[in-house]
Amino acid sequence: MPEQSYYLGVDIGTTSTKAVLFNKAGQIKDSHTVFYPLHTPNQLTAEQDPEEIFRAVLTAVRETLRKSDISKESLKLLSFSSAMHSLIAVDAQGELLTNSITWADTRSSKHAKHIKENLNGHDIYLRTGTPIHAMSPLSKLLWLQDEKPEICEQTAKFISIKSYIFHKFFGEYVEDHSIASATGLFNLEQLDWDQGALDVSCVTKEKLPRLVPTTEQFTGVAPEFAAFMGIREDVPFIIGASDGVLANLGVDAIDPGVIAVTIGTSGAIRTVSPVPKTDPKERTFCYVLTENHWVIGGPVNNGGIILRWLRDEFASSEVETAKRLGIDTYDVLTKIAATVKPGADGLLFHPYLTGERAPLWDANARGSFFGLSIHHQKQHMIRAVLEGIVFNLYTVLLAVEELTGEPARIQASGGFARSELWRQLLADVFDKPVIIPESFESSCLGAVVLGMYATGEIEDFSIVSDMIGSTHTHHPETEASNIYRELLPIYIRLSRLLTEEYESISDFQRKHMK
């Protein structure tokens, strides 16, 4: 009997790196996750140690293969997914000059505003598809020029975390088109670094990695790393794409008219177009999956990270209850939220605790409860937090619909999809059926499918519909949807009315909370 083939997807995320081993049918053989911290010494800074993340990649791969006990010959490829918008400076010897400055870092918010207002930011967005925001490396580069010019003088290359890892493996700085398309420096039509954006950033092409398609293959990984991970030196590494676009592929949301909703630490709404599209109102992104697949949508900063804040700051008794019962704290919180009727008795929560990307694109945005009255209790606040996260995603969907039309169906994934309450909440707020694949490893599965496509093992992406396995479907409940139709206009108007106040309060915080 011939030996079965296996494929390893590696997802380099914001809070962890996960390796998942699939067989050709998309069934999971084994997986391993390595967690690491996001360093936030103040409310603006969000950095990570690139070496710590590289070690996490090595360990995740090694432990997954060790547990699976497959032969080296049966592993056909490794394919990579990665978080977007990271920026790292290295010198001519490849030594780190900075940590990895992540998407969540907002120190460049004033530089983003300057680009928007004074440096043809709108035109740059239309060419690059990356909204002008503190998340993007374009804004971070201006911040570095102003705040740390000595680092810029020493820098030989500005790279992403994936570029850093591939340099460790293969000795060359490369950037896939997908990660590059999230920098604000990449021209969507030319598939090359955008000269206008480079002029604004004061960076030349020579200081950026070599661009490659998402299907680019590398072999000959450094022997010491191959030995550590337990792989052949000649096994193909597929550079892959960003986590968001691969999540679309991994949940079978690659046909036009299909919307993917993901809530992990952050969240996103995404759909696929055969051609690049940008939004005259600058609310959405456009990123590369392949040259024939362009992912259009909007990311939100505030997904599961808000629930973690709720748990850590307000739910100590619920944490203790969960420990005693041997269950997950989040299960306790969602059960409490389920005791409150939809709409939380008119309590609204704007979840902008880390600023916000789509659709506001305002790093100064701040969170708030609105409608709080004497009869509201903790359970109402928990329910309002869950609803506020989904309300925010719905506002992104409205922007995407203007570009691509009303969706035919919604595919959902991410850690939130494990919760029946959240799944139903999504269906009720969106007022549409929501389909959730049973497998939650969408980015890793997407990476594997892209890898199989890159190596010629499959001719197109249609195989993924058979690989995602069984699904859950939730239909909207009329009464709940009607309540949300009343509340959503209030929620949206508030976020717009508070724009000036967001800037005022964030200025106060920067002044007094250093």
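Residue positions are given per chain, counted from 1 along the sequence in the order it is written. Owing to the predicted nature of the model, reporting of local features is limited to residues with pLDDT of at least 70; listing and counting of side-chain atom pairs is limited to 80 or more, with chain, interface and lining totals taken over all residues. Heavy atoms from the whole structure form the basis of all side-chain values; hydrogens and water molecules are not counted.

**Q** Which parts of the structure should I look at to understand the nonpolar core?
**A** The tendency in soluble globular proteins is for nonpolar side chains to be buried as a group. We call a set of buried Ala, Val, Leu, Ile, Met, Phe, Trp, Tyr and Cys residues a nonpolar core when their side-chain atoms join them within 4.5 Å. Categorising residues by exposure relies on relative accessible area from a 1.4 Å probe, with only protein chains included: less than 20% of the type maximum marks a residue as buried, more than 50% marks it as exposed, and the intermediate range marks it as partly exposed. Ile269, Val429 and Phe430 are the most contacted members of the largest nonpolar core, which totals 84 residues. A total of 12 residues in this core trace back to one element, the largest contributor, which is helix α14 (residues 378-404). Note on definitions: a residue-residue contact is assigned when non-hydrogen atoms from the two residues lie within 4.5 Å. Not counting chain neighbours up to four residues away, the residues in contact with Val429 comprise Val390, Phe391, Tyr394, Tyr484, Arg485 and Leu488. If you look at the next biggest cluster of nonpolar residues, it comprises 42 residues, including Tyr36, Ile70, Phe80 and Val212. Where helices and strands are cited, they refer to DSSP runs of H or I of at least four residues and of E of at least two residues respectively, numbered from the N terminus.

**Q** Quick question: what am I supposed to make of the environment of Arg308 here?
**A** Note on placement: Arg308 falls in helix α11 (residues 304-314). Arg308 has contacts with Thr15, Thr265 and Tyr330, leaving out every residue within four places of it along the chain.

**Q** Looking at this structure, I do not really get the sheet that holds strand β22 (residues 434-437). What am I missing?
**A** Taken in spatial order, the 7 strands make up an open sheet running β17-β18-β16-β15-β21-β22-β23, and their pairing is mixed. For this open sheet the edge positions go to β17 (285-290) and β23 (471-474), each flanked by a neighbour on one side alone. Sheet twist, expressed as the average angle between the axes of neighbouring strands with direction ignored, equals 30 degrees. A pair of strands is treated as paired once DSSP finds two or more bridges between them. For strand β15 (residues 258-263) and strand β16 (residues 267-273), the ladder comprises 4 bridges, and the chain directions are antiparallel. Angles here are taken between N-to-C directions and fall from 0 to 180 degrees, while the axes themselves are lines fitted to C-alpha atoms, restricted in helices to the stretch in contact.

**Q** So what exactly am I meant to see when it comes to the side chain of Gln424 here?
**A** Structurally, Gln424 is set in helix α15 (residues 420-430). Not counting residues within four places of it along the chain, the set of residues in contact with Gln424 comprises His474, His475, Pro476 and Glu477.

**Q** In this structure, what is going on with the sheet that holds strand β13 (residues 217-218)? I would like to understand it.
**A** Pairing between the strands of a sheet comes from backbone hydrogen bonds, and it takes one of two forms, parallel or antiparallel. Spatial ordering of the open sheet is given by β3-β2-β1-β5-β14-β13, a layout of 6 strands whose pairing is mixed. Each edge of the sheet is formed by a strand with only one pairing partner; in this case those strands are β3 (28-35) and β13. With 7 bridges joining them, strand β2 (residues 16-23) and β3 adopt antiparallel strand pairing. Counterpart to Val20 in the pairing with β3 is Ser31. In the packing of helix α1 (residues 50-68) onto the sheet, contacts are made with β1 (6-12), β2, β3 and β5 (75-82), and the angle to β3 comes to roughly 150 degrees.

Spatial relationships are all this shows, so hold off on functional conclusions.
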